[in-house]
Each structure stands twice: as structure tokens, then as C-alpha cells.
Amino acid sequence: MDPMFLAYSYFRRRKYQKCDEICSQLLEKNPYDQSAWALKTRALTGQVYVDEVDVDEEGIAEMVMDDNAIATVARPGTSLRKPGTGQGLPSQGVRPVTNSGRPVSGFVRPGTQSGRPGTMEQAIRTPRTAHTARPVTSASGRFVRLGTASMLSTPDGPFINLARLNFSKYAARPNLAKALFEYIFHHENDVRNALELASLATEACQFKDWWWKVQLAKCYYRLGMFRESESQLKSAIKQQEMIDSFLYLGKVYVRLDQPLRAVDIYKQGLEKFPGETTLLTGIARIHEGLNEMDDAVKFYKDVLHFDNMHVEAIACIATHHFYTDQPEVALKFYRRLLQMGVYNTELFNNLGLCCFYAQQYDMTLTCFERALSLADDTTSGDVWFNIGHVALGIGDVNLAYQCFRMSLASNNDHAEAYNNLGVLELRRGHIEEARAFFQASFVLAPHMYEPHYNFAALADQLGDLQSSYNAAKRAVDAYEGHVDSKELIQQLKQHFTLL
Amino acid sequence: MSSEIKEVLPKQGVLYQEDMPTVVLCKPKLLPLKSVTLEKMEKMQKDAQDLVKKQEMEEKTIGHSNLPSFS
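Residues numbered from 1 in each chain as written. Chains lettered and ligands numbered in written order. Predicted model: local features only at pLDDT ≥ 70, side-chain atom pairs only at ≥ 80, totals over all residues. Heavy atoms only, no water.

A. Here's a closer look at the interface of chain B and chain A. Facing the 27 residues of chain B at the interface are 56 residues of chain A. E450 of chain A serves as the salt-bridge partner of K27 of chain B, at 3.6 Å between the closest nitrogen and oxygen. The interface formed by chain B and chain A contains 14 residue pairs in polar contact (both at pLDDT 80 or more). For the side of chain B that touches chain A, the secondary-structure elements that each account for two or more residues are β1 (33–34) and α1 (36–66) of chain B. Broken down by element, the residue count for the side of chain B that touches chain A peaks at 12 residues, all from α1 of chain B. Both strand β1 (residues 107–108) of chain A and β1 of chain B contribute to a ladder of two bridges, which runs parallel. Bridging from a neighbouring strand, V108 of chain A pairs with K34 of chain B of β1 of chain B. (Contact = heavy atoms within 4.5 Å. Salt bridge = Lys/Arg side-chain N within 4 Å of Asp/Glu carboxyl O. Polar contact = N/O pair within 3.5 Å; in protein donor to acceptor, adjacent residues only side chain to side chain. Helix = DSSP H or I, 4+ residues; strand = E, 2+ residues; numbered from the N terminus. Pairing = 2+ DSSP bridges.)

B. Layout of a positive patch on the surface. Residues and elements named next belong to chain A. Residues R12, R13, K15 and K18 make up a contiguous surface patch of positive charge. Among the structural elements, R12 can be located in helix α1 (residues 3–12). Under the relative-accessibility criterion, R12 is labelled exposed at 60%. (Patch = residues over 30% accessible without salt bridge, like charges linked within 9 Å, V, L, I, M, F, W, Y side chains within 5 Å. Areas by Shrake-Rupley, 256 points an atom, 1.4 Å probe, with all protein chains shown as cover. Lys, Arg positive; Asp, Glu negative; His and termini not counted. Charge placed at Lys NZ, Arg CZ, Asp CG, Glu CD. Buried < 20%, exposed > 50% of the residue type's maximum accessible area, 1.4 Å probe, protein only.)

C. How the structure looks around helix α2 (residues 16–29) of chain A. All names here are of chain A. In a regular helix each residue adds 1.5 Å, so 14 residues correspond to 20 Å; α2 covers 20 Å between its end C-alpha atoms and thus fits that length. All buried positions along α2 are accounted for by Y16, C19, D20, I22, C23, L26 and L27. Considered in projection along α2, the buried side chains sweep an arc of 170° and stay on one side of the axis. Of the exposed residues in α2, those oriented more than 90 degrees away from the buried face are Q25, E28 and K29. Considering only its buried residues, α2 is in contact with α1 and α3 (34–48). (Expected span 1.5 Å × (residues − 1). Arc of directions from axis to C-beta.)

D. Quick peek at the nonpolar core. Y334 and L337 of chain A are the most contacted members of the largest nonpolar core, which totals 66 residues. Broken down by element, the residue count for this core peaks at eight residues, all from helix α16 (residues 311–323) of chain A. With residues up to four places along the chain from it excluded, the contact list for L337 of chain A reads V311, I314, A315, V342 and L347 of chain A together with L33 of chain B. If you look at the next biggest cluster of nonpolar residues, it comprises 40 residues, including L162, A194, L197 and A201 of chain A. (Core = buried A, V, L, I, M, F, W, Y, C linked by side-chain atoms within 4.5 Å.)

E. Highlighting the environment of A284 of chain A. Residues and elements named next belong to chain A. Among the secondary structure elements, A284 is positioned in helix α14 (residues 277–289). Note: C-alpha distance between A284 and D294 (10 residues apart in sequence) is 9.8 Å. Each residue touching A284, except ones within four places of it in the same chain, is listed here: A296, F299 and Y300.

F. Quick peek at unusual backbone geometry. Residue and element names in this part refer to chain A. We note that R14 has phi near 60°; this positive angle belongs to a residue other than glycine. If you trace the backbone, R14 turns up in the loop between α1 and α2. Since its relative accessible area comes to 65%, R14 is described here as exposed.

This is how it looks when you write it as C-alpha cells:
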């Protein structure tokens, strides 16, 4: 068989490694074989390609020293940093929050794992726990690691030596330039050179190709030049309306902290492409980010209307139902995911919890067993933590104690498990241990109100009023609506005035 | 004798209702599912790390075998 044909066949079947090998052999025979060169470029890109719309890694520097946001003191409901009061949202007493003070989501994407911290202090503190390490800037983050990863697989140096490439020569040849650009952008991860090539190429085609404008915008976005990115995207949309362009533009506005503008852009896109699920999901995500859960669920349901296999929509709706006291509805959604072939720890853990709270006890432990057998180091702590809750639910305190211990054994930074262990120790009458557990818990996770409040209540009983007052204050900071903490503060204030 | 059973309501005395504040447990945590992109990125990262480890191991073993043996 003709090796070129075989290589193309491998490429189409996404067997990039094999395609790459054949192309290398062809290029050894004839170094000027353009088709083999272009195919190899595309194969190498395909190996490390991730959807750029979905990728968004923010480092500490971008987050804290961000001067792109327009309003420093935004009105509530117009900024992603100060989300609104949240209608239709279960209180923090029911639905746990992430360290940015936002309710936990049903779905994680790159960049949404830990949310935006409010202050520098918080941002620096976050990476202390081993599982949420955040890069200092996005230039030192996952992008670079992926770039270097691609270098490793070629021990005899990079395939294309960018420093010796004559960009203007390639820019004038659209068939090669596009493959070369994607190679530089995704595989080499060299945004500056990619930008140079893209700007030469867009000139070479007299600014008539929307594709190059979108690529320019991607480069500007990576470099943090959001206004330039915006203008390129707008011009691209004027030329040719594409879903991708709308998505990128929405992303730019989210980064500029203008969520409502982003929603507008998505809606414009929806007028042109009615029922496009990616655009609908974009709107739903923004509503979720603004703590407008009712609206978010509405849009996720719209998504399911057009694509009933959409994992993100199903997972988010299920989480919403679970935390609004409808575990049996959540169970239906998660079961749907299982039927669709999602098979991982997270899903089985959620199924187990839903089964337990929907009183389907026969399935609960089986689900958790399955979850544990699939779990890796990062998730097994959470699974054991949830099994501990099941144990508490059936009144088996000893089992619960052991479960929380197991949770700590697999993840030593599990703040929730520390807190619950503290509660159990307190029930046994071990006051000193309980105190130590609460303290460990709130040092690890200052965004949770539970350990603060527990510590305050315990210190109050022990007569250590000053630390009780301080802890209660921190509890109210973490969760404004917590009645018990407020009452405790009231009592303590009375005490202090009597003194 | 009527078959109806009448409820008993205390007409006098004070009704006490005391709210006992107790310590709170952290709530059960649903785990978020991972998007395809995230899974792919994590897989690529893990593969790369494994590769680095493998290469380092190989270098070590080669380095050891090249050491002159003083016997």
C-alpha cells in the first residue's frame, strides 16, 4: 500500500503515533515532501490538541493583579467576583461551598476547579493544600507543561526549528500556514511565534480570512491582551458568523468580568444558530457563576431539550436537585448518566449518596464499593467521607469514625473529615481532641463555617470567651446567614458588657 | 360510649421550648464530574510525567552500568 495513503488513513482514525512514524520515514527519504510534512504537523498537533474554548487556566498573578475588570466595585449581580444574593439557591448550611464562596458545582472544567479567590491572602493560601496547587501565572501553568510534554516524545530535538523558520514564506501559503500555526500554538505552545505567523498570514490574505482573525484573537487572549482579542473577534464575526467566534468572544468578556455582556453575545449567537448547545451551556455557566441557580437550571434544561446526552447539563441539574431536597430526582439524572456509559468514581459516589438519601438502601453500599474500587488518590478521600455520612445516618458511630479516619489516610488535607471527627470526639467526651480537630479543619479550609462555629461553641463552653468570640466572627464571615453563630456572638457581647 | 378519641391539650402551665445549639457536621459532598477536556489534559500530563520518570530511571540504570567497577 502507498505509505502516504496509509498515513492519511491512520490520521483519520486518530492513530496519530503511527501516522507520525510513517510520515517521518517518508521525510527521511525525501525531506522536501510537503504533503508528508503537513500531515506530520497535523498528527503531532492532534496528539496534544485540546479544545481551546474549554481551556482556561488562571494563575495567581492573573487573578490578583488583574487590572482588566472595568468596575472595581461592581453592583451585585453584574460581576463574577461579587455574585448576587442568589435566588433559588440553597443556603450554605445545605450545599457546601468552594473556597471562593460559591456553591459546589456538578461539573468541573479546566479553570473552574477552585474559583476566584477574593484576596491575595486567600490566593496564596489555596495552593498550600496539595490537591489544589495553582500555578503562579498561567505562563507557568498547565500550558507549558503540556508543551514540554510534547518535546519529550522526540528525543532527537523538535520536529520544526521555529527559530530558523521564515514565517513570511509560509504565511503566503495558506495550505501550509494553517497546519503550521496550529502546530506552533498547540504543540510547541509558543504563543509569540504563533502570533507573528498569524499576523503575517492575515496580511497576506488582505484581512479577508476570518479564520486567521480568530487565531489572532486566541493568541491575544493567551497573552492577556483582551481588548485586542475582542476587536479581532468582532471583525471575524462581521465577516463570517461562526459558533466558535461567539464562544471565544463570550470567554473574553468573562475574563473582563462582564458576565452580562457575555450573555448578550451568546444570545446573539443563538439568534444565528438556534438551539446550539455550547452557546446555551455558556449562558447557564454564567448564571451559575452569578449564583442564579434557577436561571442556570432553566438553561441547562434547554440544553437537554436539544441534546439529551449532555453530561454537564445532566450533572448540574442533578446536583441542584440533590441539594434542594429532591435526592430521588437527582438519582434519576445520575442513573441516566450511568446508562449513557459514564463510569467513574465520581458518578458512583453520587449515585450512592442519592440512593441513601432517597431511601434505596439496597443499592447504597454497592455503589460506594464500586466507587472505592474505581477511586484514585485524589477522590478516595471524598468517597470515604461520604461513606462516613451513610454510617452516621444508620447510627453506626464507630464505622463513621473509621470512615473519616480512612478519609484522612488517603487525603491528609480533608478539612471536612477533620471537622466531623471533631464532632464525633466531642460526643465521646474527648474535649481536647475535638478542639484540635476543629482547629485543624478551619486552618485548612477557612471558607467553611462549620469548624469555626464548632470551635466557637466548644470554646464558649470551656469558658474561653475571647477565642469563642473570634471564631464565631469568622463563622459569620464565612456564612452571613448562620443564626446560631449570630446568637452566640450576641450572648458573648452581653457577657463582655457585663464584665 | 363514643368511638372518637379526643386529643388532650394542656390548658394550664407554661410551654417550654428550648433551642439547644449543637455542633454541626459538614454536609455530604457530591463530587463534580470531570469534563472531557479536563480528563484529556490530566491524562496527557500523567503520561508526560510517567515518561519523564521512565527516562530518568533509564538514565540512572545506564549510568550505573557505565560506572567502572572496582573489585
